[in-house]
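# Residue-level structural notes
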Amino acid sequence: MTKPTGLPAHLAHPFSPAGRVDPYPAYDWLRAHEPVHRDPMTGMWLVTGYEDCTALLKDPAFSAAAGQRERSRDDDLPVSMLTTDGADHARLRAPGSLLLGTAALASVADGIAADADALLERAAARGVLGDAVEELGAPLATAVLARLFGLGPQDHGTLAQLARAASVNLDPLAPPHVARLGRAAMGELTRFLDAHTDALVARGADDSPLARLAADPRLTRREMLGILGLAVVGGWQPLAEAVGNALYWLLPRPEAREALRAGGPDAAETAVDELLRLEAPIPFTARVTVRDAELPGGRIPAGQRVLAVLAAANRDPAVFADPDALVWDRTPNPHLAFGGGPHFCLAARLVKQSGGILLGRIVHRFPEAALAGPEPRWAPTLIPRRLTRLGLDLGTDAKATDSPAAAPTPTPTAAAAPPVDAPEAARA
């Protein structure tokens, strides 16, 4: 039997304008018919099956460092866990836990909770939000990183501006002119963090995770700054967008909101895992084969550019029952939204913790919160997977006079919140 060599004509390529908005029909077809697929449009290999993606992420034949060097740019990204493999990667990952490990997160947890409370207090005064990502997700991501870095409120605006600009570096398929903007933004971000670290050390402030990282003798200054840059690029926008993506799925489901209210912090973090499985802001990760590689679904020759399509693997029916449905208490949930293998995202615990804090507080404080305003639509972007805007009516009585009137919660359609337990294909 001849293997398929391309998508059927009725399916939009997942990287085409229409496919970017709803890539799941194409992912479903590839996963079912050719989970290790040589894509004629991009010249890359798309790996969509869960078994294949997990094998790829663990196999040293697939190099993350080489994957980053294949980006459309004429310089190197900073030395970091993202741009190294093997022993070099392990050497950087160990001190990286000083910034993002269990002890570091415990030291800022109360502060992040206080920041979330203050953020929701301001939101309650407005009552209606024009965009949950801009008014909840981005401020939360900024506050989280500021706590880790020991930045004061006066620096939040600068951090958010630089983080947004540097997030271009998330996209391994960014065209050259966009990659140049990302390069310039990363340089500016690095200089900002370099100067801040000097000031932190000079005043003897040793109570932030950044101060402890800067004092670690295992790292050169350039390596330390590379870890900081990766924390920003890999943490700020993904966390900000994850808030919007989560609310899009969660708010139309009263039974899930009620379960979170009754379940406490553990239930909130379990729900965050499921929400990330459904709509991971980072839908794929890039590798290059440094030698011939054999996956369960096929063989990839040496020297090939490869994308592990995490968003497709996360909806593999061989692993996840009702893969297109929100099962808020799904356990176990071995999703790949944080990658896997040696490069498993070091900030995974931070995302789950901070996302759980915010979502748990929203469902408790605003039990009547609902989607509002224009129907939310998925942006035609590859990375991050995000909504163009997500309006919320928090259901509070105190609404600012200049706030727009709340519109009814939109009827779930392909562009609005999906119907409960509806297959993703039904939204196409």
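To be clear, the structure that these remarks concern was listed above.
The structure presented is a predicted model; accordingly, all values stated were derived computationally and were not measured. (Residues numbered from 1 in each chain as written. Predicted model: local features only at pLDDT ≥ 70, side-chain atom pairs only at ≥ 80, totals over all residues. Heavy atoms only, no water.)

## Quick look at the packing of helix α13 (residues 254–278) against helix α15 (residues 348–365)
Counted only if it meets this: Lines are fitted to the C-alpha atoms to define the axes, a helix being fitted only along its stretch in contact, and any angle between axes, read from their N-to-C directions, falls within 0 to 180 degrees. Secondary structure elements follow DSSP: runs of H or I of four or more residues count as helices, runs of E of two or more count as strands, with numbering from the N terminus. By definition, turning the near helix anticlockwise from the far helix through less than a right angle yields a left-handed crossing, and turning it clockwise yields a right-handed one. The contact definition used throughout considers only heavy atoms, calling two residues in contact when any of these lie within 4.5 Å. We call Asp, Glu, Lys and Arg charged. Ala, Val, Leu, Ile, Met, Phe, Trp, Tyr, Cys and Pro are nonpolar, and the rest, Gly among them, are polar.
Remark: α13 packs on α15, axes separated minimally by 8 Å, with the N-to-C direction vectors making an angle of 140 degrees. The way α13 lies across α15 gives a crossing that is right-handed. Contact with α13, carried on its side by R257, L260, R261, A268, E269, V272, D273, L275 and L276, involves R349, V351, K352, Q353, G355, G356, L359, G360, V363 and H364 of α15 and no other residues of that element. Class assignment of the residues belonging to the contact of α13 with α15 gives a composition of eight nonpolar, five polar and six charged.

## Quick word on the packing of aromatic side chains
Our working rule: Side-chain rings of Phe, Tyr and Trp, where Trp is taken by its six-membered ring, are said to pair if the distance between their centres is within 6.5 Å; with planes under 30 degrees apart they count as stacked, over 60 as edge-to-face, and otherwise as tilted. Exposure classes here rest on a 1.4 Å probe applied to the protein chains alone. A residue is buried below 20% of its type maximum, exposed above 50%, and partly exposed in between.
Under the counting rule described, the total for this entry stands at six aromatic pairs. Centroid distance F15 to F284: 5.7 Å. Interplanar angle 55 degrees. Geometry classified as tilted. Of this pair, F15 sits in the segment before α1 (17–21) while F284 is found in strand β5 (residues 284–289), placing the two residues 269 residues apart along the sequence. Judged by relative accessible area, which is 3%, F284 ranks as buried. Among the aromatic side chains, those forming a connected cluster through ring pairs are Y248, W249 and W378.

## Some details on the pattern of salt bridges
Cut-off, in case you're wondering: Counted as salt bridges are all cases of a side-chain nitrogen of Lys or Arg within 4 Å of a carboxyl oxygen of Asp or Glu.
Overall, the coordinates contain 19 salt bridges when judged by the stated rule. Of the charged contacts, one joins R349 and E269 as a salt bridge, the two residues approaching to 2.6 Å between their closest N and O atoms. With a gap of 80 residues between them, R349 in helix α15 and E269 in helix α13 connect regions that are remote in the sequence. What makes R349 partly exposed here is its relative accessible area of 40%. In this structure E269 comes out as buried when scored by relative accessible area, which is 18%. Sharing partners across several salt bridges, the network here consists of E279, R315, D324 and R385.

## Focus on the side chain of Q304
Here is the rule we go by: Each polar contact in these results corresponds to two N or O atoms within 3.5 Å; when the atoms are within protein, one needs to be able to donate a hydrogen and the other to accept it, and residues that are neighboring in sequence are counted only if both atoms are side-chain atoms.
Here Q304 is to be found in the loop between β7 (298–300) and β8 (305–309). Overall, Q304 belongs to the buried group, its relative accessible area being 19%. Here the side chain of Q304 touches W45 through a polar contact of 3.0 Å, side chain to side chain.

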